[in-house]
Structures are given as structure tokens and as C-alpha cells.
Amino acid sequence: MSDHLVKAYNSLPTSFTRGDGIYLWDTEDKRYLDALCGISVTNLGHNHPAVTEAIQQQASTLLHTSNIYAIEWQKKLANLICKLSGMDRVFFGNSGAEANEAAIKIARLYGHNQGNSDPNIIVMNNSFHGRTMATLSASGGRKVQAGFEPLLSGFVRAPYNDIESIQSVAKNNPKVVAILAEPVQGEGGIIVPDDGYLEALREICDKNNWLLMLDEVQSGIARSGEMFAFQHTNIIPDVLTLAKALGNGVPIGACVTQGKAAEVIQPGNHGSTFGGNPLACRAGYAVLDSIQKDSILDNVIKSSEQLISHLKRGLADHPDVKQIRNRGLLVGIEMKYNYQAFVMHALQRGLLLNVTAEKVIRLLPPLILTEQQTTDMAQQIIDCIHSFEPVKTSN
Ligand SMILES: Cc1ncc(COP(=O)(O)O)c(C=O)c1O
């Protein structure tokens, strides 16, 4: 059917009408197993009872006032995020890109407050931080930048998972005020850094009085097996950005700060009309509350171990599989060839997943998987991969 949408997406024709738990149903009432969660958004599954109830109650009470007035659910959610992260303050926006915009503005203002009129931020090759002008300029992939030059200046690029290159920037660039990095690179292909990497970034930031800013838009909200992926280490960032699963489908983003980053933003420096409205914040509160009440972190650890061991066994003799990587239920199966056509192959077999960095089958399944569902999902993925014939060119 022709439509009047801007052609921003190459959307597949399949359209879903309802969801429940780990399943979605399309317009023909065909059921699909959702191993993607709308790219790590519906982490608690579709139609989660507590989240649905919170949204329904809030929708029938109050949707929006304005940040001109105090918003109680905003304060409640900020308190809970700070309690869970060990951080101090939260600014609410509506998306991951907005959360990162806030982080970039904080870093720049932090620099200006110290008399640095050209503050630089170290960003990583292969990273993804969003599609606004500042966040695409910060991102590492040329794909999101091409055609949108001039890019914002003030970003210094470094290879991911390479501490020496950061040390070398520290020696040579006195304008740097912050590092922005993903604790696990998502769009870049589920790249898990070496043990000690985040700790080393923290140490360099402390030595140079820089802010450590971690983008957990994809890795946060229990997906990694901790509420926030940085909690696999003993460090804490100065700035943490969240979005995606925080609302389990209700748009919300958060820029969380602590210590020297916490007092940078003052009245008049930043704002958002919708940011932190009662509906989004009440949904966010219900999400974090449910993660704790339903012992979701334990479930992620259990089901990710089970999923990975099934996948490793079932794909051990597959000639195209290069590596299986994960941090909790953030899972990447790197293939030797371009596997983008595999998405359609899986879709036709009732399985939702995607492919990132062209060769990495990305699985972001719901965090509520039971043992049986984990086994079934693993088997369905394995069968799909075995029945697929890729075009074997290495680029
Ligand atoms: C790590 C990371 N940061 C930022 C973003 C951008 O988030 P949004 O699409 O909500 O603006 C994404 C989206 O995939 C992401 O994975």
C-alpha cells in the first residue's frame, strides 16, 4: 500500500497488532517469537501486567502538566534510578539521542566552567549514540554521518577497547573534558570490551579531571544481568545515559549524573516539553520496580547462560559462525558473511531478530524467558541458521 511516510525506514511489510509476553501476532494472526524486543525496548515482554496497569491508571489520572511545575512521579523515578545506580541527579528526556545530547551539553558546560572554551570529548570508533546532529557527530559509523556534514566539532576519535590510544590523547590534547563510551557496543556488533577496560577509563578520567560518560541506552535496564552494565565492574560513571527499556515501550530517556557532573546543569541550561511527564515516569517506575520484584536480574543470568550454551552446542559445527558473544541477554552471533537477508528468513519462520554491523545476528530477547522458553528459542534460532544459505561474499 502506498503511504505518505518519509522514507526513513526500509520497513518490512509485516505489521503486528498485539503482543503478550514473549510473543507478537501479525495482522493475519500469525504468532512470532520476539527475540529482539523492539531493539531492547520491551525488556519485560509485551503487555506486562504491572506496567500496563501503571500506564492505564496514569492515563486516566493525568498525562501532562509541564516542567514549570513539580512532577511527583518524576521525583519518585529519579530517586529510584539514583538508589539503583548510586548516582545523584536525573534529567529526563524522551529518547536515547536526547539523553546523549544532555550528556554532551554537560561535558561542554563542564569545560566552559573551567575556562576551556573549546572542550573536546573522546568518542569511540564503531560507536552509536543517536541520530541528532550532536549524537551522529559523536557516533563512530560513517553511515549515520554521510550527507549531514558539517558535523559538530569537538569530538576526538579513538579505537574502542584500546587504553593506550586514550592515554596518548590525554598526553597530547589539553582540550579534552570527557570520554563518551558504550560499556558494550550494541549497534557496532555486540562488542564486549576486555576485563579492566572500563576501570582503566575511570582511572584516566580521574587523573585528568575528565567526566566518564557511559551510554547505556542499549545495555542498561537489566539486559546485561546487572541493572546497569557498568555494575559488572566496581566503578561508577559521572554521567550515565538511559532510554529504550526504561519505559518498556513508553518513550523516555534519562541523563543521570553524580559528583562533579551533578551540579553542572543549572536553571535555563537545558529543558524538554515532554521530558519527565507523569505518564512516562510512572511507566519507568513500574519497570524498575517490576525488575526488582520479579528477580529479573537472576533470570537474565540463568537464561543467558542457558541460551549461550545451547547456541554454542547447536552451532558448533556451522561453517559460517565466527564467534558467539554476550553480556547477559545482549547477544551477538558473528557470521563470516553478510547475513542481512537472514532477518527475513527468520521472520518467515516466526522469529524476530536483527542483524547489525552486516554480519552479526543480534539477539535481544525478553528478560522474562522461562527455562522452557529459553530452550525453545535457542532451538528455533539454531534451526533457522542451519536452514539459511547466505550469499558468500566476505563484504
Ligand atoms: C547505545 C545507543 N545510544 C543511543 C541510541 C539512540 O537512541 P534513540 O533511538 O532512542 O534516540 C541507541 C539506539 O539504538 C543506542 O543503541
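First things first, this report covers the structure right here in the doc. (Residues numbered from 1 in each chain as written. Predicted model: local features only at pLDDT ≥ 70, side-chain atom pairs only at ≥ 80, totals over all residues. Heavy atoms only, no water.)

## Overview of the overall build of the chain
When helices and strands are counted, the chain shows 12 helices and 15 strands. The C-alpha radius of gyration of the chain comes to 21 Å, within 12% of the 21 Å expected for a compact globule of 395 residues. Its C-alpha atoms give the chain principal-axis dimensions of roughly 60 × 55 × 45 Å. Taking all 395 residues of the chain together, the buried fraction comes to 53%. For the chain, contacts bridging at least 24 residues in sequence account for 71% of all contacts bridging at least 6. On the chain, roughly 17,900 Å² of surface is accessible, and the fraction owed to carbon and sulfur atoms is 50%. The centroid of the 34 positive side-chain charges in the chain is displaced by 3 Å from the centroid of its 39 negative side-chain charges. (Helix = DSSP H or I, 4+ residues; strand = E, 2+ residues; numbered from the N terminus. Rg over C-alpha atoms; globule rule 2.2 N^0.38 Å. Buried < 20%, exposed > 50% of the residue type's maximum accessible area, 1.4 Å probe, protein only. Contact = heavy atoms within 4.5 Å. Areas by Shrake-Rupley, 256 points an atom, 1.4 Å probe, with all protein chains shown as cover. Lys, Arg positive; Asp, Glu negative; His and termini not counted. Charge placed at Lys NZ, Arg CZ, Asp CG, Glu CD.)

## Considerations on unusual backbone geometry
Cis geometry is adopted by the peptide bond preceding P150, which originates at E149 and carries an omega value of 5°. Along the chain, the position of P150 falls in the loop between α6 (142–145) and β6 (155–158). Positive phi outside glycine occurs at I190, with the angle close to 50°. Here I190 shows up in the loop between β7 (176–181) and α8 (197–208). A relative accessible area of 0% means that I190 is categorised as buried.

## With respect to a nonpolar patch on the surface
On the surface, M133, F148 and L152 cluster together into a nonpolar patch covering about 250 Å² of accessible area. Structurally, M133 can be placed in helix α5 (residues 133–138). (Patch = residues over 30% accessible without salt bridge, like charges linked within 9 Å, V, L, I, M, F, W, Y side chains within 5 Å. Salt bridge = Lys/Arg side-chain N within 4 Å of Asp/Glu carboxyl O.)

## Details of the sheet that holds strand β15 (residues 360–363)
For sheets, the rule is that strands pair by backbone hydrogen bonds, running either parallel or antiparallel. Taken together, 4 strands build an open sheet; the order of strands is β11-β12-β15-β14 and the sheet is antiparallel. If you trace the sheet from one side to the other, it starts and ends with β11 (321–327) and β14 (354–356), each paired once. Geometrically, the sheet is characterised by an average inter-axis angle of 25° between neighbouring strands, direction not taken into account. Relative to β15, strand β12 (residues 330–335) runs antiparallel, the two sharing 4 bridges. Paired with E334 across the bridge in β15 is V360. Packing against the sheet, helix α10 (residues 296–314) makes contact with β11, β12 and β15, and its axis sits at approximately 175° to β11. (Pairing = 2+ DSSP bridges. Axes fitted to C-alpha atoms, helices over the stretch in contact; angles between N-to-C directions.)

## Comments concerning the state of the cysteines
Disulfide: a covalent bond formed between the sulfur atoms of two cysteine residues. Enumeration over the complete set of coordinates arrives at 0 disulfides. Left unpaired, C82 is separated from the closest cysteine sulfur, that of C255, by 11 Å. We note that C281 lacks a disulfide partner, and the nearest cysteine sulfur, in C82, lies 12 Å from it. Its relative accessible area of 0% is what places C281 among the buried residues. (Disulfide = S-S within 2.5 Å.)

## A word on the packing of aromatic side chains
Enumeration over the complete set of coordinates arrives at 8 aromatic pairs. Summarising the aromatic geometry, the rings of F342 and F388 are spaced 5.3 Å apart at their centres and angled 70° between planes, so their arrangement reads as edge-to-face. Taken as a pair, F342 in helix α11 (residues 342–348) and F388 in the segment after α12 (371–386) lie far apart in primary sequence, 46 residues in all. Residue F342 is classed as buried on the basis of its relative accessible area of 0%. An aromatic cluster of three or more residues is present, and its members are Y339, F342 and F388. Sitting above the plane of the W25 ring, R18 keeps its charged end 4.3 Å from the centroid. Taking NZ or CZ as reference, R31 lies 3.8 Å from the ring centre of Y23, over its face. (Phe/Tyr/Trp six-rings, centres within 6.5 Å; stacked < 30°, edge-to-face > 60°. Lys NZ or Arg CZ within 6 Å of the ring centre and 35° of its normal.)

## With respect to the nonpolar core
One broad rule of soluble globular proteins: the nonpolar side chains tend to lie buried together. Ranked by internal contacts, the top residues of the largest apolar core, which has 84 residues, are I122, I179, L288, L311, I333 and I361. A total of 7 residues in this core trace back to one element, the largest contributor, which is helix α9 (residues 278–293). With sequence-adjacent residues up to four places away left out, I179 is seen in contact with I121, I122, M124, I166, L201, C205, W210, L211, L212 and M213. Residues V177, L180, M213 and V264 belong to the second largest nonpolar core, which totals 20 residues. (Core = buried A, V, L, I, M, F, W, Y, C linked by side-chain atoms within 4.5 Å.)

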